[in-house]
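Structure at a glance
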There are 2 protein chains.
Amino acid sequence: MSSRPPVIILNEPQLAENIGAVARVMANFGLSELRLVRPRDGWPQDRAWASASGANWPLDGAKVFETLGEAIADLSLVMATTARPRETQLPVLTPRQAADDLHARVAAGQAVGILFGGERAGLETQDIALCQAIVTIPVDERFRSLNLAQAVALNAYEWRLGVDEGPRQAFSHNALPPADQASMMGLYEQLERELDDAGFFHPPAKRPSMIRNLRVALGKAQMTEQEVRTMRGVVTALSKGRGRVLAKLAAQKAAKEE
Amino acid sequence: MSSRPPVIILNEPQLAENIGAVARVMANFGLSELRLVRPRDGWPQDRAWASASGANWPLDGAKVFETLGEAIADLSLVMATTARPRETQLPVLTPRQAADDLHARVAAGQAVGILFGGERAGLETQDIALCQAIVTIPVDERFRSLNLAQAVALNAYEWRLGVDEGPRQAFSHNALPPADQASMMGLYEQLERELDDAGFFHPPAKRPSMIRNLRVALGKAQMTEQEVRTMRGVVTALSKGRGRVLAKLAAQKAAKEE
């Protein structure tokens, strides 16, 4: 059974210096796995190493992805950090609560990650919709302006406290682990394809928000791989029904025409 | 009785940018009183304001001292942060324990402070000796290298948690309550009816367990009423597709036969 600490995922980071600062923070708290989604200035960047104060290994091993979906495909649970929790049905956790949950899941052998948005804009709603929980640092309402490495530091620190204090036993994860995000994405995309065919997304301008809402509603269920397969079967059955009706009608027509 | 949050004291800070970054961190966590002991490049420094992201007030009000003794003269308790606790008889606390103690003292009307050393060398033994406790951030032994603003951030965050812990639950109330079981049952029954029509439950002997599994998978999502309505729309769209295909075929047939 693996017990990998959380992966740190930076979505569209802008400054290489900040990526280096994140690596430095990670090293302080025993994290090493770094993933970058569309870093603005490309990758690798010497300036990242220059600002990592010798914490080279998270940078050396950093993986780069074209889409957030690919970056989190193998993870069972991803927490999205944001200063401004949008209206969403996802649970909103403090870094402390998040760390407790992450520890419980890692102890159960699950691969988990924490997602951070870019320096300027943070995370978009559709990025958050791919995650299973939101982490919000309790900053002063009147001045919310932590930099990227500081936000990573606070979450990594809370994770580290759990490592140091020994496992917290408050949670029992006897249940099967949730499916990874690649499986969920497969379900979402199949469902959305069929709903497109069925003319469900109306008016078209609302399609993106309708898709987000659907993904959140289903994502919250933290389905197992088996449950995802079942749900895919459900979607197929409901939509294939059309094919069967089609075939039946065609047969009837053929019979009539003979 | 005063209840001033802790004063942040920087002993011999080197880079003005770091002083600005500390101010920014302080503002995030509701701290405002900053004291500087012998800043290397003098004071004030424009670069501090430039790197504070608008958190000007701790900088505007910053007081400069020639000695640490003067800087902490009016404080009842000062905690010294250091990555390497030296041989000392002072209590060594985590930031969490320190925050608890600071809160207790502030509640009792005491003026308190947290002391941070310069970027390069940290605190000297004689500086620490002026303090009443040591705070050590639990970083990985193999890589101890937090920057100044990050060290301030972790301590300020722990302080803030103590401020916030009461009223912080606002978020959980933002989430809408889950739909009642009658709504969920409506969704289940609609779905199961359509799946019966589509021949999904096969073999028939497995129908009851398949239905249980489906209900568990969806029930875990704790959907809101709105989400239940959306999912019912999804089921209708997927299955109504059949009706549309049927109508289309019928129309084609009619056209052909004319």
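The rules we used
Residues numbered from 1 in each chain as written. Chains lettered and ligands numbered in written order. Predicted model: local features only at pLDDT ≥ 70, side-chain atom pairs only at ≥ 80, totals over all residues. Heavy atoms only, no water. Buried < 20%, exposed > 50% of the residue type's maximum accessible area, 1.4 Å probe, protein only. Helix = DSSP H or I, 4+ residues; strand = E, 2+ residues; numbered from the N terminus. Pairing = 2+ DSSP bridges. Right-handed = clockwise from strand over helix to strand, strands pointing away. Core = buried A, V, L, I, M, F, W, Y, C linked by side-chain atoms within 4.5 Å. Domains from an automatic or database assignment. Contact = heavy atoms within 4.5 Å. Buried area = accessible area lost by both parts, 1.4 Å probe. Salt bridge = Lys/Arg side-chain N within 4 Å of Asp/Glu carboxyl O. 1 Å grid on protein atoms, 1.4 Å probe; cavity = no way out; pocket = protein on both sides within 12 Å on 5 of 7 lines; lining within 4 Å. Points joined across faces, edges and corners; volume = space filled by probe spheres on them. Nonpolar A, V, L, I, M, F, W, Y, C, P; charged D, E, K, R; others polar. pLDDT = per-residue confidence, 0-100.

**Details of the pairing of strand E1 (residues 7-11) of chain A**
The side chains of a regular strand alternate between both faces of the sheet. Residues and elements named next belong to chain A. In terms of burial, E1 is largely enclosed, as 5 of its 5 residues are buried. Burial along E1 is two-sided: the face carrying Val7, Ile9 and Asn11 and the face carrying Ile8 and Leu10 are both buried. Here E1 pairs with strand E6 (residues 112-116) via 4 bridges, running parallel. Bridging across to E6, Ile8 finds its partner in Ile114. Of the strand pairs in this sheet, E1 and strand E2 (residues 34-37) are connected by 4 bridges, and their pairing is parallel. From the neighbouring strand, Leu10 faces E2, where its bridge partner is Leu36. Since E1 and E2 lie parallel, the crossover through helix H1 (residues 16-28) that links them has a hand, and here it is right-handed.

**Let's talk about the nonpolar core**
If you look at the biggest cluster of nonpolar residues, it comprises 86 residues, and the most contacted ones within it are A:Ile8, A:Leu34, B:Ile8 and B:Leu34. One finds A:Leu191, A:Leu218, A:Ala237 and B:Phe200 within the second-largest nonpolar core, a separate group that totals 62 residues.

**Side note on the pairing of strand E6 (residues 112-116) of chain B**
All names here are of chain B. Of all 5 residues that make up E6, 5 are buried, and the element is covered over most of its length. Burial of E6 is two-sided: the residues Val112, Ile114 and Phe116 facing one way and the residues Gly113 and Leu115 facing the other way are all buried. Note that strand E4 (residues 77-81) and E6 share 4 bridges and pair parallel. Each bridged residue has a counterpart across the sheet, and for Met79 the counterpart in E6 is Ile114.

**Section: the domain arrangement of chain A**
All names here are of chain A. What the domain assignment lists for chain A is domain 1 (7-171) and domain 2 (176-257). The centre of domain 1, based on its C-alpha atoms, is set 31 Å off from the matching centre of domain 2. The interface of domain 1 with domain 2 comprises 18 residues on the first partner and 13 residues on the second. Carbon and sulfur atoms supply 60% of the area that domain 1 and domain 2 bury against each other, a total of about 1,200 Å² over both sides. For the domain 1 face of the interface with domain 2, the top three residues by lost area are Ala129, Leu130 and Gln132, together amounting to 32%. For the pair domain 1 and domain 2, the number of links is 0 salt bridges.

**Thoughts on empty space enclosed by the protein**
All told, the structure shown has 3 cavities of 30 Å³ or more when counted by the stated rule. In this structure, the largest cavity occupies an estimated 110 Å³ of space. Along its surface, the largest cavity is lined by 14 residues, and A:Met231, A:Val234, A:Val235, B:Met231 and B:Val234 are the ones closest to its centre. Put simply, the parts of the chain that give the lining of the largest cavity at least two residues each are helix H8 (181-197) and helix H10 (225-257) of chain A together with helix H9 (181-197) and helix H11 (225-257) of chain B. Per-class residue counts for the lining of the largest cavity are 14 nonpolar, no polar and no charged.

**Structural notes on the pattern of salt bridges**
All names here are of chain A. Evaluation of the coordinates by the stated rule reveals 29 salt bridges over all chains. Here Glu192 makes a salt bridge to Arg215, at a shortest N to O gap of 2.9 Å. In this pair, Glu192 is assigned in helix H8 and Arg215 in helix H9 (residues 207-219), connecting sequence segments 23 residues apart. Under the relative-accessibility criterion, Glu192 is labelled buried at 7%. Taken together, the shared-partner salt bridges connect Arg4, Glu33, Arg35 and Asp74 into one network.

**Digging into the confidence of the model for chain A**
Interpreting fine coordinate detail is not advised for predicted regions of low pLDDT. Residues and elements named next belong to chain A. The pLDDT averaged across chain A works out to 87; a share of 89% of its residues lies at or above 70. Across residues 166-174 the pLDDT falls below 50, and counting only partners more than four positions away or on other chains, this stretch makes 13 contacts in the model. Interface confidence for the predicted complex, expressed as ipTM, amounts to 0.75; the pTM equals 0.79.

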